[in-house]
Amino acid sequence: FQKLARRDGLTGIFNRQHFFDSAQEVLRYCAKASREACVVVMDLDHFKSVNDMHGHAAGDDALKRAVAACQVLLRSIDVFGRLGGEEFAILLPDCPLAVARQRADAMRESIAASRREGDAAADVLVTASFGVAGTQDSGYNLATLLAAADDAMYAAKRGGRNRVKVYQPASGAAATPA
């Protein structure tokens, strides 16, 4: 029952509440140890149209493929959770901003390459937009980090989708296109 209460039923990764609890605990450790950490927010591009055009089974498959494509690139210390719908967050402890950006770009490429051949419902191209924020600029408060990464992710969507943007505190927006 504990596992069910902590995991997203579809993808098997942490649900929203358990992600928040785990990420806050890891961030507290990082702050005490003066370790860098980054938060990556990911949102699947045009996900509503996948459900509308291909059905919810294809949408569920797209979510599972995107998660699997990311999981192979994550370390055991990373905290991965589904925030809701097609939005996900990843806490990368002991990870400088430049490395987090590279890792997010690798996940972006992995998701775009995860197209599965077969029946028409499964043959749906999925891409994602990513926003990255780090403790160097945004501090160790999870809500602040998520808001900064979310701002960067929306900048990635405005910039054409299927890209990674890094939060830039001076402008309050994002830079670094993929």
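See above for the structure.
This section reports on the structure supplied with the text.

What follows covers the nonpolar core. Soluble globular proteins tend to pack their nonpolar side chains together in the buried interior. In terms of nonpolar packing, the biggest core is built from 31 residues, with Phe80, Ile111 and Phe130 touching the most fellow members. Of all elements in the fold, only strand S1 (37-44), helix H3 (47-54), helix H4 (56-71), strand S3 (87-93), helix H5 (97-112), strand S4 (128-134) and strand S5 (164-168) reach the threshold of two or more residues within this core. Counting residues per element, this core draws most heavily on H4, at 7 residues. If we skip the residues at most four places from it in the chain, isoleucine 111 touches Met42, Ala66, Ala69, Cys70, Val126, Thr127, Ala128 and Phe130. If you look at the next biggest cluster of nonpolar residues, it comprises 21 residues, including Leu27, Ala89, Leu145 and Leu146.

Pairs can form between side chains of opposite charge whenever their charged atoms are close. As enumerated under the stated definition, the model contains 10 salt bridges in all. Notably, a salt bridge pairs aspartate 78 with arginine 75, separated by 2.7 Å at the nearest N-O pair. What makes aspartate 78 buried here is its relative accessible area of 10%. In this structure, glutamate 109 engages arginine 108 in a salt bridge whose closest nitrogen and oxygen atoms are separated by 3.7 Å. The partly exposed category is assigned to glutamate 109, whose relative accessible area is 46%. Judged by relative accessible area, which is 10%, arginine 108 ranks as buried. The network of salt bridges with common partners includes Asp43, Asp45 and Lys157.

Assignment of secondary structure puts threonine 135 in helix H6 (residues 135-138). The buried category is assigned to threonine 135, whose relative accessible area is 7%. Threonine 135 has contacts with Leu27, Arg35, Glu36, Ala37, Tyr140 and Leu145, leaving out every residue within four places of it along the chain.

All right, on to the packing of H4 against H5 then. Between H4 and H5, the shortest axis-to-axis distance is 8 Å and the interhelical angle comes to 140 degrees. Relative to H5, the element H4 lies oblique. Seen from above, H4 lies across H5 with right-handed handedness. Packed against H4, whose contacting residues are Ala66, Ala69 and Cys70, the element H5 presents Met107, Ser110 and Ile111 at the interface. Here the residues of the contact of H4 with H5 sort into 5 nonpolar, 1 polar and no charged.

This paragraph deals with the packing of helix H2 (residues 16-32) against helix H7 (residues 142-158). Two elements in contact, H2 and H7, have axes separated by 10 Å at closest approach and are oriented at 110 degrees. Looking at the two axes, H2 sits roughly perpendicular to H7. From H2, Phe19, Phe20, Ala23, Gln24 and Leu27 reach across to H7, where they touch Leu142, Leu145 and Leu146.

Let's shift gears to unusual backbone geometry. The backbone of aspartate 94 shows a phi angle near 50 degrees, a positive value even though the residue is not glycine. In this structure, aspartate 94 sits in the loop between S3 and H5.

Further remarks concern the environment of cysteine 30. In this fold, cysteine 30 is placed in helix H2. Look at cysteine 30 and you get buried, because its relative accessible area is 0%. C-alpha separation for the pair cysteine 30 and proline 93, spaced 63 residues apart in sequence, amounts to 7.0 Å.

Cut-off values and rules
Numbers given to residues run from 1 along each chain, matching the order in which its sequence is written. Per-residue local features of the predicted model are confined to residues with pLDDT of at least 70, and side-chain atom pairs are confined, for both listing and counting, to 80 or more; whole-chain, interface and lining totals are unaffected and use all residues. Remark: hydrogens and water are excluded; side-chain values derive from all non-hydrogen atoms of the structure. The set of buried Ala, Val, Leu, Ile, Met, Phe, Trp, Tyr and Cys residues whose side-chain atoms join them within 4.5 Å is what this entry labels a nonpolar core. When a residue's accessible area, from a 1.4 Å probe over protein chains only, is under 20% of the maximum for its type it is buried; when over 50% it is exposed; and in between it is partly exposed. Here a strand is any run of E in DSSP of at least two residues, a helix any run of H or I of at least four, and the numbering for each starts at the N terminus. Every residue pair with non-hydrogen atoms within 4.5 Å of one another is taken to be in contact. Salt bridges, as used here, are contacts in which a Lys or Arg side-chain nitrogen is within 4 Å of a carboxyl oxygen on Asp or Glu. Axis definition: a line fit to C-alpha positions, over the contact stretch in the case of helices; interaxial angles, taken between N-to-C directions, run 0 to 180 degrees. Roughly parallel here means an angle under 35 degrees, roughly antiparallel means over 145, roughly perpendicular means 65 to 115, and every remaining angle is called oblique. Throughout, a crossing is termed right-handed when the near helix is turned clockwise from the far one, and left-handed when it is turned anticlockwise from it by less than a right angle. Throughout, the ten residues Ala, Val, Leu, Ile, Met, Phe, Trp, Tyr, Cys and Pro are labelled nonpolar, Asp, Glu, Lys and Arg are labelled charged, and all others, Gly among them, are labelled polar.

Everything listed here is a matter of coordinates, which is why it stays silent on function.
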